[in-house]
Amino acid sequence: MTDVDTIVVGAGIAGLTAARLLQSAGQRVVVLEARGRIGGRVWSDRSDGHVTDRGASWIHGITDSPVHAAATAFGMPMVEFTVGGYQPDSRPIAHFSPAGIRLTDAEAARYVADIHAVDAALRHAIAASARDASYRDVTEVALAEVARAQAWDGERAQRVREYLEHRSEEQYGAWIEELAAHGLDDDQVDGDEVVFPEGYDALATGLADGSGAGLDVRLGAVVSRVSWGGGVSVTTPDGTLTADAAVVTVPVGVLQSSGFEISPPLPPDVAGPLSRLRMNAFEKVFLRFDERFWDEGVYAVRQQGAEGRQWHSWYDLSGLGGTPTLLTFAAGPAAQETREWSDAEVTASVMVQLRRLYGDDIPEPVAVVRTDWQNDPFAGHGSYAYMTLGSDTSDHDALATPIGGVLHLAGEATWTDDPATVTAALCSGHRAAENVLGHAVPIERAWQG
């Protein structure tokens with residue numbers, strides 16, 4: 001006799017969603033979580049008196065979003081903050097030239113028009129690309145086509161090239177030459193985007209608590225082995241649990257690590273897609289100030305040119321908590337280069353760039369919060385997964401192919417339509433629960449009890 005009906009590995013949004021739906025269907029469920037908290041890569045830090053979402057921050061488009069429906073049901077306060085998928089003009093942006101001078105309205109309009117022209121050509125370039133093409137390959141095809149047609153000089157083309165590089169980094173934390181040509185196929189936002197001034201982690205708490213019938217979540221349970229066959233057994237330092245089925249929601253980097261064994265090994269139709277995904281390098285740097293010194297009426301500040309190789313974009317979060325705050329990202333190569341830097345070194349480097357734009361007399365930040373997902377083994381040493389060369393968008397869903405009728409993988413990397421998001425995690429958990437049960441279950445049951 002098995003210990004429970006289903007073991008869920010990981011108490012992130014995917015795992016909690018699956019567990020909630022399975023328990024509501026009458027199953028005996030245990031959730032094993034390696035960390036000392038729930039939420040996984042949804043982590044709201046309140047240690048300094050502020051609410052800082054170190055992991056996921058946004059719902060990228062609330063139209064028909066199940067995450068928005070769940071957040072509404074749980075009474076989570078939301079503030080509209082539409083980023084637009086690193087678009088050049090989705091909200092007011094202060095663009096600065098390579099010399100550190102703010103572009104005039106006319107200059108900014110031409111720059112934005114250039115980006116839109118290349119994006120229009122990029123759709124065809126991606127559709128016609130080879131399977132092993134990189135995002136660099138297809139953007140260069142589109143860039144050359146538009147530059148020829150509009151007789152651009154090299155400087156004008158370089159500004160758009162930099163923008164495309166930064167988009168690859170900020171969207172997927174990967175250098176443009178390492179990201180598959182189709183890596184940004186999901187870069188669509190439906191409706192406003194929102195953030196959570198009181199913390200995104202209320203989503204995890206709501207899923208775990210349900211309507212008073214809390215899940216059996218065991219914290220500090222580091223899983224080292226999942227065996228499957230006529231059922232499953234899951235090994236932790238405290239012993240082995242058995243079940244009829246398991247839902248494994250650990251990040252791609254954990255699945256690929258030597259410290260997490262699946263036995264027998266994953267079959268080729270699942271192992272193949274897994275081998276073509278990688279964890280990215282993507283960190284947040286929050287800088288809080290006593291007073292605001294940057295442009296009024298903008299949601300972002302961006303600089304062009306070589307000086308922006310590491311630090312090129314800052315987002316104004318002041319409206320969320322009332323404290324003047326800028327958020328910047330160390331993404332892709334910048335995250336790798338600064339991985340072992342101290343907080344003081346990162347802060348000094350960021351401030352060099354801000355002083356180029358706003359003058360030497362701007363104040364030092366009074367507080368800095370910096371994430372460190374690259375050194376987090378339970379996150380798979382990254383923030384989320386991206387598609388490497390040779391991968392296909394279908395690899396995400398293929399990763400969730402049921403294995404032996406008893407083992408199911410879920411998580412942000414296993415959902416094709418909107419990977420690398422909380423939406424993907426929640427939807428993949430729903431799908432895993434339906435696969436375990438063998439029948440459809442309304443997703444709303446995860447937050448309606």
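Here's what I pulled together on the structure shown here.

Reading the values: the criteria
- Residues numbered from 1 in each chain as written.
- Predicted model: local features only at pLDDT ≥ 70, side-chain atom pairs only at ≥ 80, totals over all residues.
- Heavy atoms only, no water.
- Helix = DSSP H or I, 4+ residues; strand = E, 2+ residues; numbered from the N terminus.
- Rg over C-alpha atoms; globule rule 2.2 N^0.38 Å.
- Buried < 20%, exposed > 50% of the residue type's maximum accessible area, 1.4 Å probe, protein only.
- Contact = heavy atoms within 4.5 Å.
- Pairing = 2+ DSSP bridges.
- Axes fitted to C-alpha atoms, helices over the stretch in contact; angles between N-to-C directions.
- Core = buried A, V, L, I, M, F, W, Y, C linked by side-chain atoms within 4.5 Å.
- Salt bridge = Lys/Arg side-chain N within 4 Å of Asp/Glu carboxyl O.
- Phe/Tyr/Trp six-rings, centres within 6.5 Å; stacked < 30°, edge-to-face > 60°.
- Lys NZ or Arg CZ within 6 Å of the ring centre and 35° of its normal.
- Parallel < 35°, antiparallel > 145°, perpendicular 65-115°, else oblique.
- Left-handed = near helix turned anticlockwise from the far one by under 90°.

1. Notes on the overall build of the chain
- Scanning the chain from N- to C-terminus turns up 14 helices and 20 strands.
- Compactness check: the chain gives a C-alpha radius of gyration of 22 Å against a globular reference of 22 Å for 449 residues, within 12% of the reference.
- Reported as C-alpha extents along the three principal axes, the dimensions of the chain are approximately 70 × 50 × 40 Å.
- Taking all 449 residues of the chain together, 59% fall into the buried category.
- Put simply, 73% of the contacts in the chain that link residues at least 6 apart link residues at least 24 apart.

2. Quick look at helix 6 (residues 202-209)
- Buried within helix 6 are the following residues: Leu 203, Ala 204, Gly 206, Leu 207 and Ala 208.
- Buried-residue contacts for helix 6 involve helix 1 (13-24), helix 2 (66-73), helix 13 (422-437) and helix 14 (445-448).

3. Brief notes about the pairing of strand 16 (residues 313-316)
- A two-sided burial pattern is seen for strand 16, the buried positions comprising Ser 313 and Tyr 315 on one face and Trp 314 and Asp 316 on the other.
- Judged from the 3 bridges that link them, strand 15 (residues 300-303) and strand 16 form a sheet pairing that is antiparallel. The partner of Ala 300 across the bridge, within strand 16, is Tyr 315.
- Across 2 bridges, strand 16 lies against strand 17 (residues 325-331) in antiparallel orientation. Of the residues in strand 17, the one forming a bridge with Asp 316 is Leu 326.

4. Some remarks on the pairing of strand 17
- Burial analysis of strand 17 places 7 of its 7 residues in the buried class, the great majority of the element.
- Relative to strand 17, strand 14 (residues 282-288) runs antiparallel, the two being bridged by 7 bridges. Within the sheet, the bridge partner assigned to Arg 288 lies in strand 17 and is Thr 325.

5. Some points on the sheet that holds strand 18 (residues 367-370)
- If you trace the 6 strands from one edge of the open sheet to the other, you get 6-15-16-17-14-18, paired in mixed fashion. A single partner strand is all that each edge strand has here, and the edge strands are strand 6 (93-96) and strand 18. Strand-to-strand, the axes of this sheet are offset by a mean angle of 20 degrees, without reference to chain direction.
- Helix 5 (residues 154-172) contacts strand 14, strand 15, strand 16 and strand 17 of the sheet and is inclined by roughly 95 degrees relative to strand 17.

6. A short note on the nonpolar core
- Among the nonpolar cores identified, the biggest contains 44 residues, and Val 118, Tyr 135, Val 138, Trp 152, Val 160, Tyr 315 and Leu 327 are the most heavily contacted of them.
- Elements that contribute at least two residues to this core include exactly helix 3 (105-127), helix 4 (135-150), helix 5, strand 14 and strand 17.
- In terms of residue count, the dominant contributor to this core is helix 3 (8 residues).
- With 39 residues, the next largest nonpolar core counts Val 31, Ala 208, Ala 425 and Val 441 among its residues.

7. Some words on the pattern of salt bridges
- Under the defined criterion, the tally for this structure stands at 26 salt bridges.
- Among the ionic pairs, Arg 339 bridges to Glu 340, the shortest N-O distance being 3.9 Å.
- Note that Glu 364 is salt-bridged to Arg 355, the shortest N-O span being 2.8 Å.
- One salt-bridge network, in which partners are shared between bridges, spans Arg 136, Glu 140, Arg 161, Glu 165 and Glu 177.

8. Observations regarding the packing of aromatic side chains
- Following the criterion strictly, the structure yields 15 aromatic pairs and no others.
- Judged by centre distance (6.1 Å) and plane angle (40 degrees), the rings of Trp 58 and Phe 81 are tilted. Of this pair, Trp 58 sits in the loop between strand 4 (52-53) and helix 2 while Phe 81 is found in the loop between strand 5 (79-80) and strand 6, placing the two residues 23 residues apart along the sequence.
- Centre to centre, the rings of Phe 293 and Trp 294 are 4.9 Å apart; their planes meet at 90 degrees, and the pair counts as edge-to-face. When sorted by exposure, Phe 293 lands in the same class as Trp 294, which is buried.
- It is Arg 54 that lies over the ring of Trp 43; its NZ or CZ is 4.9 Å from the centre.
- A cation over an aromatic ring shows up here: Arg 91 above the ring of Phe 81, its NZ or CZ 5.7 Å from the ring centre.

9. Topic: the packing of helix 1 against helix 6
- Contact geometry of helix 1 with helix 6 gives a least axis separation of 9 Å together with a crossing angle of 25 degrees. What the angle tells us is that helix 1 and helix 6 run roughly parallel. As for how helix 1 packs across helix 6, the hand of that crossing is left-handed. Only Leu 203, Ala 204, Leu 207, Ala 208 and Asp 209 of helix 6 make contact with helix 1, whose side of the interface consists of Ile 13, Leu 16, Thr 17 and Arg 20.

10. Details of the environment of Gly 297
- With respect to the helices and strands, Gly 297 occurs in the loop between strand 14 and strand 15.
- As a C-alpha pair, Gly 297 and Ile 93 span 204 residues in sequence and 8.7 Å in three-dimensional space.
- Excluding its chain neighbours within four sequence positions, the residues that come into contact with Gly 297 are Pro 92 and Arg 292.

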